[in-house]
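# Chains, contacts and geometry: an overview
Below are the chains, spelled out letter by letter.
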Amino acid sequence: MHQLSKPLLGFYIEEYECIENDFISGERQQWYSELFLASKRTRKKNTEKRERAKKLKERLDKKMDMIFDFLSIPDALELYVKGTYPSQDLSKISEKYNVNLSTVYRTLNTYFAFGCCKRALIPNNHRIGKGREIPKNLHEAKKKYPRGLGRPRFDGELNQRVITQLEHDVMESFAKKLSLSSPNKLHQLFTLFCIDLRERLKKDNPYLDWDSHRVTRNQFLQLFNKYVSNKQLSIANKGVKNYKNNQRALTSSARHNIPFPTARYEIDSTTLDLYIQSSFTSLEGKKPLKRPTLYTVYDTYSGCVVGFNLTLDGNTEESLLMALNNTFTNKVFFAALHGVKIKEEDWPCHHICSEVLFDRGTEFKDKKVTELVESSLGILGVSFTESYMGSNKGTVEGGFKSMQESITEFTSAKIDKDKPKNTQHASQKALLTMSDLYKILIPYFIFENHSRNAIEKRDLEDCINNVEPTPQAIFNYSLNTKANGGVVRSNREIMMALLPRYPVSLIKQSFKIKRHIKGERAVHLNYQTSNDDLNKYREFACNHDGDGAFEIEVMVLPNWVDHVWYCGPITGGECVELKLADRSKRFASLYGDDIETLNNEDLVFASELRNKRQYFKECLAGLIKESELSRAKDIKNVKKTNNKSISKHLDDNTKPDLREETLGNAQMVSATLMGGNSSLLEGDD
């Protein structure tokens, strides 16, 4: 240690060595680096950091200019250490840079004491307040800081209360309990922390007035930033979904451990950002439809589009199975059905996959998973990704983005989220129909398969054999060399495996099925067929096991009720179509909501009818009793009998009443035929 202005005893100034200090791992240097890194980001929230970094750089440059002026005198360091540096020169420096003389001395002392480097001049103001001793409890804080610390509250002149060691302890334990499954938004975390803190404070002092000892949101944020990790901070600011999709470190790609094409297909749906119009639009006016839903299926290995389905039904089971059916069947016939002529080599993707990757959507049921795996198609497994995790299905999600940019952006009825609210709604501009959209999507997907850049999906073998870096080329080559040509099934086998199955209740009148169409309630529908084998089996089952026995399963199309299909040993493998029976004809050609509405109306009507019948029974029983009482009064003088055997002379007793009934019938017939000219109406015999 050497005090300035004192003589250097025993050494010359040349024998001292100035070594630059290492501030790379120091706290100041780390803070300085992070500040400048943040200042280079262009987001709006970094504006304050950019201003701070700019001012700090100006201060450091100004201090370095002061030091350069100081070193302009020969032997400046030796003169300064000995205390013989001209004081008038230091005064000139302070006047030149408009600072106090003490600031010049502090700058020189800091610069020479910490290794003569610019980083030594980084200020320590980022540690303001960190050296203050933390009170142990509220009593000590009140005694040491009677008026609190920091900014005054809005509801009075009292400063916010002092944070004690207890708050640090509570926050430390609170931070350890946090996980991805716990509430992660800042306002939720602030509320939960206040609950924990209040319980701890009331435990020490049951009569504590919590309202006067609350912590502010800024105090919570300071504690929170100190004790939680950067990961948890990011989750609290942006949410779990954003962190998982955009910020977490990815350990592999979607193709990891996928050995060949058809090993895994990814399927997902999106609602297109455009409106279309009905094919039944007339000249009187357009009929816009709701936004269509597009199901797309991608091969994970090659990135090739292997199937799709466009639907107005949204995310339903039927839409999903139609997309899978399109994936596993020939595309030439599919394109021709929609008026597009293609060749087999344009889209040769009709192979069964080993695994299907879904997200956990409402349209896919656990029962359907079992049916797919247990079918004869060859699908070995079904995988599910976490909901709203697009990064887990990167292939199909990237395809959606490209499709929206290539198709949706050029339609007149696209949804523009930035347009003013007073402009015409996009649905009013709809021109395309579903048929038009199919004619656009089929060529688009074929072009994507043959032209999209897939360089990163090629392996060394593909490069050696000069396989083009396109999804379709990689799919074709690897399918033949690595997957032995793939697995192909007939259209009938595919449809039978995909269609959901329902149990049939065999009753004497029909085949009765309980169908869940839409909503919570089920509809009981009756079907009939002319097939003798099925009818004989139903007759035998009803007589043997009783009416309503469950014996067979039929295949159904989820949204269609007019027909169901049976294929099994009863008919020798022949597929038989069952039609709606007369008892259920009222549901014919209806769809979802209409079926549910009609079924609800039937249930309401049946309930009202039961109430009416019960009311009428009560009235009828009262009428009978009233009539009996009235008649009993009329014949009260007639001789009564207590005999228990049948009354005598019933036939003779009936003749007068029967003669009166016959006369009434004759009068009605005569009045009908003769009008008012009949003698019967005048009382003649």
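Residues numbered from 1 in each chain as written. Predicted model: local features only at pLDDT ≥ 70, side-chain atom pairs only at ≥ 80, totals over all residues. Heavy atoms only, no water.

What follows is about the packing of aromatic side chains. Tallying each qualifying case throughout the model produces 14 aromatic pairs. Seen from their ring centres, Y80 and Y105 are 6.4 Å apart, and the 25° between their planes marks the pair as stacked. Here Y80 is found in helix α3 (residues 76–82), whereas its partner Y105 is found in helix α5 (residues 101–113), with 25 residues between them in sequence. In this structure Y80 comes out as buried when scored by relative accessible area, which is 6%. These aromatic residues form a ring-pair network of at least three members: F308, F334, W347, Y438, Y444 and F445. K331 extends its terminal NZ or CZ atom over the ring of W347, reaching a point 5.6 Å from the ring centre. Looking at R515, its charged tip hangs above the ring of Y502, at a distance of 5.6 Å from the centre. (Phe/Tyr/Trp six-rings, centres within 6.5 Å; stacked < 30°, edge-to-face > 60°. Helix = DSSP H or I, 4+ residues; strand = E, 2+ residues; numbered from the N terminus. Buried < 20%, exposed > 50% of the residue type's maximum accessible area, 1.4 Å probe, protein only. Lys NZ or Arg CZ within 6 Å of the ring centre and 35° of its normal.)

Before going further, it helps to spend a moment on α5. Taking 1.5 Å per residue, 13 residues should reach 18 Å; α5 reaches 18 Å between its end C-alpha atoms and fits that length. Along α5, the residues that are buried comprise T103, V104, T107, L108, Y111 and F112. The buried residues of α5 occupy one face: seen down the axis, they fall within an arc of 155°. Away from its buried face, by an angle of more than 90 degrees, α5 presents the exposed residues R106 and A113. The secondary structure elements touched by the buried residues of α5 are α2 (47–70), α3 and α4 (87–96). Positive backbone phi, approximately 95°, marks G115, located one or two places after α5. (Expected span 1.5 Å × (residues − 1). Arc of directions from axis to C-beta. Contact = heavy atoms within 4.5 Å.)

Let's shift gears to unusual backbone geometry. Residue N98 is not a glycine yet carries a positive backbone phi of 55°. Even without being glycine, N466 reaches a positive phi, approximately 55°. Of note, N466 is situated in the loop between α17 (460–464) and α18 (471–481). With a relative accessible area of 66%, N466 lands in the exposed category.

Before going further, it helps to spend a moment on the nonpolar core. If you look at the biggest cluster of nonpolar residues, it comprises 54 residues, and the most contacted ones within it are I267, F308, F328, W347, L441 and F445. Here this core takes eight residues from helix α16 (residues 434–451), the largest share from any one element. The contact partners of F308, leaving out residues within four places of it in the chain, are L294, Y295, T296, A323, N326, F334, W347, Y438, L441, I442 and F445. (Core = buried A, V, L, I, M, F, W, Y, C linked by side-chain atoms within 4.5 Å.)

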